[in-house]
Amino acid sequence: MNLFKKRSTGSLADIIEGCRRQERRAQNTFFDHYKNKLKGLCFRYAKTEAEADDILQESFIKIFKNIDQLRDAESVDGWVKSLVVRTAINYYHATTKKELLSTSIELNVTDIELNDSCRIIDQLDMEVLLKTLNSLPDGYRTVVNLYLIDGYTHQQIGEMLGISEGTSKSQLQRGRVLLMKKLQKTGIEDYEYTGRKS
Amino acid sequence: MNTPEENPDDQLGRHLRERFDDFAPEVDESVRRNIFGSSAGISTFYYWGAAIVIVLMGLLYVPENLKSGGHREKVFSLSEKKESVRGKGQDSVSSNDIRSKTENGQSVSTPTRSNFSANSNPEFPSKKMETGPVNPSLTVVQPVSRILVPENEQINKTGSGVPAAIFNESTTVETKSEELSKQTELHLLDGRDIFFEKINLTSVIGIPEVDSMTPSVKNYSTSPTEWIFSMAALPTFQIVHLNSLPELSYQNVKFAPALSARSISYKISAGIEKRKFQLLLSYGYLRNWNTYEIGSSRIKVDRQDDQGYTALPIGELHKIDEKLHLLGLSVRRTLLLPDNFAKLNRATLGAEYTRVWPTGQNMYWANAGIARQIVDTQHSRIQIGPYAQYSFSKRSVGAHTWKSQPYQVGLSVEVRFK
């Protein structure tokens, strides 16, 4: 007769159940399972690694606190990602909306520039690419992340940021152009640096 | 159908997603420690809170027998004291000792002093008394506030002419040795709340009903519990910690005037006091109102009279208007002030924990107050005085770059029920 029921933390569903019971072991397993992927997500929305760690930390605290709200264990990936994204947005809440409207950018982009940008994205070192993305103003960086990488619609972005759908579209356009210009500049510098080094 | 603007988005997005899809950088172990440290901190807080409450309850209701023996006598040497002396080798006597000696028809001398003039009993010095015969074997020792009488005044300790005001107070009687000493030691108990054994002097002077004499001990543990209700109006000030970044520059920060509805907070507390410790539950309303601007990259340039120019960044106006509710638990220590100290009777020092609703933040405060008693009836007292509290916690307001550390100075009214 088993006096103590051994709780398995094998499958993700078991881990989530353990987290619901506030079991430290299950929480550690959950943290280990998601930490790197979510750190990458936070890194894209943050300006620095330290801020990414702050967002990640805050996100996990929220996850463990609110995991009872997760109804279906199968949807845990989407729920966790959504929670982290919202935490990141809240982290820059004060600045996200303010910076969007204040930059004057030439919006016309040629196909050649677009192709160059895509090539640079593929070729750039991840650290440099991330640095380029992080250098965008908070508002542009947020919309670029939400739409281009994380696949949210303009309607969802509008609801998240408290802006209209049209504003989201225009900000994406500006953010994309600014990112491409930065990528091209970075790509040229990277090429020159690599060329000199070789 | 995709619009022409969406096509570059799709193309750029696809490349970005491919690059970041498997991006999973290493996580510093300190993040794990912080996460589980903070979640463990909640339960740790409850453990500490429970421990503090238990300790306080223990202090408030400590058994009498533990405390009654805790008083120690101080011995003061007084020179040029001849009327009464303390016996060598004996500190005190039982009531039987007293009776056996007084039955011989001897009387007792109450020590009088020529070097002291302080007297806390307003009735005492006004009575002119006669000196009776002195019992050489007995010494009456009284609390210092009772035995220090004005110069040249003497007290009658015998017969029916004894003033009731003297003997209703705490009085102890000690045996005296055969030899009178010119050096007298008065036994005084420390502190104004310490009490002597109460012995009716009629037993000392030979009145028959000595068996009914029952010494009683009064100590801290028998001090009554008082119920306390207090209200305070507290103009709130704050120390603002701003982390102004190049892309987030604050400007034109304005605070609410000190005495306005936008800055005054209120606090209501209720609890008990025993042995000068107060345990209070409190509710507070905290208002925090500020306006500020976030500077933008646009600059407004104005020409000045002296051919110069002023450049001001154009900012976007923001307003903070928080109406917060604070539920708290506080512990305070009451300190009695010296008499006639600016007509103030008592001071309090304390610490308080509050939970802020709706933000869910924890705040830790230190508080201090002094009060003057304006009403004193048989069952209640009302005190009023300035009160201040200071928060050690910095509250994040809006963005993480703005933190507010409030402190409050105001007026408190306290009602105590005995």
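Residues numbered from 1 in each chain as written. Chains lettered and ligands numbered in written order. Predicted model: local features only at pLDDT ≥ 70, side-chain atom pairs only at ≥ 80, totals over all residues. Heavy atoms only, no water.

Looking at an unreviewed UniProt entry, one finds chain A named RNA polymerase subunit sigma-24 and attributed to Dyadobacter luteus. A UniProt comment under Sequence similarities (unreviewed entry) is attached to chain A, and it reads "Belongs to the sigma-70 factor family. ECF subfamily." (UniProt positions renumbered as here; feature names shortened; annotations may be inferred.)

This part takes up the overall build of chain B. Regarding its fold elements, chain B presents seven helices and 14 strands. Counting every position in chain B, which comprises 418 residues, the buried fraction comes to 40%. For chain B, the accessible surface area stands at approximately 23600 Å², while carbon and sulfur atoms represent 55% of it. (Helix = DSSP H or I, 4+ residues; strand = E, 2+ residues; numbered from the N terminus. Buried < 20%, exposed > 50% of the residue type's maximum accessible area, 1.4 Å probe, protein only. Areas by Shrake-Rupley, 256 points an atom, 1.4 Å probe, with all protein chains shown as cover.)

All names here are of chain B. Under the defined criterion, the tally for this structure stands at 21 salt bridges over all chains. The salt bridge involving Glu 226 is made with Arg 416; its shortest N-O contact spans 2.6 Å. Placement of the pair is Glu 226 in strand β5 (residues 226-242) and Arg 416 in strand β14 (residues 402-417), with a sequence separation of 190 residues. In this structure, Glu 226 and Arg 416 share a single accessibility class: buried. One salt-bridge network, in which partners are shared between bridges, spans Glu 226, Glu 273, Arg 346, Arg 381, Glu 414 and Arg 416. (Salt bridge = Lys/Arg side-chain N within 4 Å of Asp/Glu carboxyl O.)

On to helix α9 (residues 154-161) of chain A. For an α-helix, 3.6 residues make a turn, and residues three or four places apart therefore share a direction. Residues and elements named next belong to chain A. By the burial criterion, the buried members of α9 are His 154, Ile 157, Gly 158, Met 160 and Leu 161. Angular distribution of buried residues about the axis of α9 spans 165 degrees; they occupy a single face of the element. One or two positions beyond α9, positive phi appears at Gly 162, with a value near 70 degrees. (Arc of directions from axis to C-beta.)

With that settled, the discussion passes to empty space enclosed by the protein. Empty space among the atoms becomes apparent when a probe as large as a water molecule is rolled across them. All names here are of chain B. As enumerated under the stated definition, the model contains five cavities of 30 Å³ or more in all. Taken as a whole, the largest cavity holds about 130 Å³ of empty space. Thr 348, Ile 370, Ala 371, Ser 412 and Glu 414 are, among the 15 residues lining the largest cavity, the residues nearest its centre. Taken together, the elements giving at least two residues each to the lining of the largest cavity come down to β10 (344-357), β11 (362-376), β12 (380-391) and β14. The element best represented in the lining of the largest cavity is β12, accounting for five residues. (1 Å grid on protein atoms, 1.4 Å probe; cavity = no way out; pocket = protein on both sides within 12 Å on 5 of 7 lines; lining within 4 Å. Points joined across faces, edges and corners; volume = space filled by probe spheres on them.)

Let's shift gears to the nonpolar core. All names here are of chain A. Of all hydrophobic cores here, the largest spans 66 residues; its most connected members are Phe 30 and Phe 60. Mapping this core onto the domain boundaries places at least three of its residues in each of domain 1 (12-91) and domain 2 (111-197). Apart from the residues within four sequence positions on either side, Phe 30 is in contact with Ile 15, Ile 16, Cys 19, Phe 60, Ile 63, Phe 64, Ile 67, Val 76 and Val 80. (Core = buried A, V, L, I, M, F, W, Y, C linked by side-chain atoms within 4.5 Å. Domains from an automatic or database assignment. Contact = heavy atoms within 4.5 Å.)

Time to look at the packing of aromatic side chains. For the coordinates displayed, the defined rule picks out 13 aromatic pairs over all chains. Through successive ring pairs, a cluster of aromatic residues spans Phe 30, Phe 31, Tyr 34, Phe 60 and Phe 64 of chain A together with Phe 36 of chain B. Sitting over the face of the ring of Phe 20 of chain B, Arg 44 of chain A holds its NZ or CZ atom 5.8 Å from the ring centroid. The cationic tip of Arg 262 of chain B hangs over the ring face of Trp 289 of chain B; the distance from NZ or CZ to the ring centre is 4.3 Å. (Phe/Tyr/Trp six-rings, centres within 6.5 Å; stacked < 30°, edge-to-face > 60°. Lys NZ or Arg CZ within 6 Å of the ring centre and 35° of its normal.)

What follows concerns the side chain of Ser 380 of chain B. Residue and element names in this part refer to chain B. Following the sequence through the fold, Ser 380 ends up in strand β12. On the basis of relative accessible area, Ser 380 is assigned to the buried category, the value being 16%. Setting aside residues no more than four positions away along its own chain, Ser 380 makes contact with Val 375, Arg 416 and Phe 417.

Another aspect to go through is the interface of chain B and chain A. Tallying the contact residues gives 35 residues for chain B and 47 residues for chain A. Buried surface at the junction of chain B and chain A, summed over both partners, amounts to about 4000 Å²; 64% is from carbon and sulfur atoms. Across the chain B-chain A interface, the total number found is one salt bridge. Residue Arg 32 of chain B is joined to Asp 32 of chain A by a salt bridge in which the shortest nitrogen-to-oxygen separation is 2.3 Å. Counting the contacts that link chain B with chain A gives 12 residue pairs in polar contact (both at pLDDT 80 or more). Contributing elements (two or more residues each) for the side of chain B that touches chain A: α1 (6-20), α2 (29-60), β8 (277-303) and β9 (309-341) of chain B. Among the elements that make up the side of chain B that touches chain A, the one with the highest residue count is α1 of chain B (11 residues). Of the residues contributing to the side of chain B that touches chain A, the split by class is 15 nonpolar, nine polar and 11 charged. (Buried area = accessible area lost by both parts, 1.4 Å probe. Polar contact = N/O pair within 3.5 Å; in protein donor to acceptor, adjacent residues only side chain to side chain. Nonpolar A, V, L, I, M, F, W, Y, C, P; charged D, E, K, R; others polar.)

Another aspect to go through is the pairing of strand β7 (residues 264-274) of chain B. Along any regular strand the residues' side chains alternate between the sheet's two faces. All names here are of chain B. By the criterion of burial, β7 is predominantly enclosed, with eight of the 11 residues buried. Taken together, the 10 bridges between β5 and β7 define a ladder with antiparallel strand orientation. Its bridge partner being in β7, Ile 228 is matched across the sheet by Gly 271. One ladder, built from nine bridges, connects β7 with β8; its direction is antiparallel. (Pairing = 2+ DSSP bridges.)

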